[in-house]
Amino acid sequence: MQVRRLEITGAFEFTPKAFPDHRGLFVAPFQGEAFAEATGHPMRLGQTNHSVSARDVIRGVHFADTPPGQAKYVYCPQGALLDVIVDVRVGSPTFGRWEAIRLDSTEYRAVYLAEGLGHAFLALTDNTVMTYLCSTGYNPSGEHGINPLDPELDLPWSGELAGEPILSEKDRDAPTLAEAKADGLLPDFATCLTHYESLRSAT
């Protein structure tokens, strides 16, 4: 497993080795030992999610109140997508910045984003499947979103879209990053760092 620490604190890329043969292919997108070595703590598993998206569907930008927050380890077992991590933590040196990584069923890369980070993706093929390992279960009252078409964020959709973006009504009506900050909805960077340290101390 190759691991790359991304520029946004709390975000990592994992690239597993695939083993193709005459029967097909075997790959382990999540490996607990490699994960713990990279992050300093094991992956807590509270829920697994599975989504199927048509071409040009955008989901996100989603984040949760931290603590407890919801960390995500995501990969694409079918199709291809552009995965985007957005730093929405107020006070972070990379606040408002994003990183984009292609996830697909060719290389089976995975991305981990710690609690407090925003997550979105664009499906690049029909029937694109996203698998999420989540540290906590779904908590509707603690879930929030940023409009993925926020012009100030300028997320990298335009060069990847085949047509018009397809969004849920909830995502389309979500506030901009500036509006969410003004309304006090965004996580605090220092609080998130304390939470991350508590996870490492608990191991």
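Before reading on, note that the structure itself is shown above.
Here the structure is a predicted model, which is why all the values come from computation and not from measurement.

(A) Region of interest: the sheet that holds strand E12 (residues 128–134). Reading across from one edge, E1-E2-E10-E7-E12-E5 is the order of the six strands in this open sheet, with antiparallel pairing throughout. Every interior strand has two partners, whereas the edge strands, strand E1 (2–5) and strand E5 (47–53), have only one. Between one strand axis and the next, the sheet turns by 20° as a mean value, whatever way the strands run. Sheet topology note: the strand E2 (residues 11–15)/strand E10 (residues 110–113) ladder contains four bridges and is antiparallel. Paired with Phe14 across the strands is Ala110, a residue of E10.

(B) Structural view of the pattern of salt bridges. According to the stated counting rule, one finds 10 salt bridges in the structure shown. Where Asp21 meets Arg23, a salt bridge forms, and the shortest distance between an N and an O atom there is 2.6 Å. Between Arg102 and Asp104 there is a salt bridge, with the nearest N and O atoms lying 3.0 Å from each other. Using a relative accessible area of 8% as the deciding quantity, one classes Asp104 as buried. When salt bridges that share partners are traced, they join Arg4, Glu13, Glu107 and Arg109 into one network.

(C) How the structure looks around unusual backbone geometry. Backbone torsion omega between Gly60 and Val61 reads 10°, so that peptide bond is classified as cis. Here the amide bond leading from Pro67 into Pro68 is cis, since omega sits at 0°, within 30 degrees of zero. Summarising the element assignment, Pro68 is placed in the loop between strand E6 (58–64) and strand E7 (72–78). One non-glycine residue with positive phi stands out, namely Tyr108, at about 60°. Secondary-structure assignment places Tyr108 in the loop between strand E9 (98–104) and E10. Tyr108 sits in the buried class, given a relative accessible area of 13%. Of note, the phi angle at Asp154 is positive, near 55°, even though the residue is not glycine.

(D) Quick look at the packing of aromatic side chains. Evaluated as defined, the whole model comprises eight aromatic pairs. Look at Phe12 and Phe14: their rings are 6.3 Å apart centre to centre, the planes differ by 40°, and that puts the pair in the tilted class. Residue Phe12 is classed as buried on the basis of its relative accessible area of 6%. What links up through ring pairs into an aromatic cluster is the set Phe12, Phe14, Phe30, Phe35, Tyr73 and Tyr112.

What counts, and where the lines are drawn
Residues numbered from 1 in each chain as written. Predicted model: local features only at pLDDT ≥ 70, side-chain atom pairs only at ≥ 80, totals over all residues. Heavy atoms only, no water. Pairing = 2+ DSSP bridges. Helix = DSSP H or I, 4+ residues; strand = E, 2+ residues; numbered from the N terminus. Axes fitted to C-alpha atoms, helices over the stretch in contact; angles between N-to-C directions. Salt bridge = Lys/Arg side-chain N within 4 Å of Asp/Glu carboxyl O. Buried < 20%, exposed > 50% of the residue type's maximum accessible area, 1.4 Å probe, protein only. Phe/Tyr/Trp six-rings, centres within 6.5 Å; stacked < 30°, edge-to-face > 60°.

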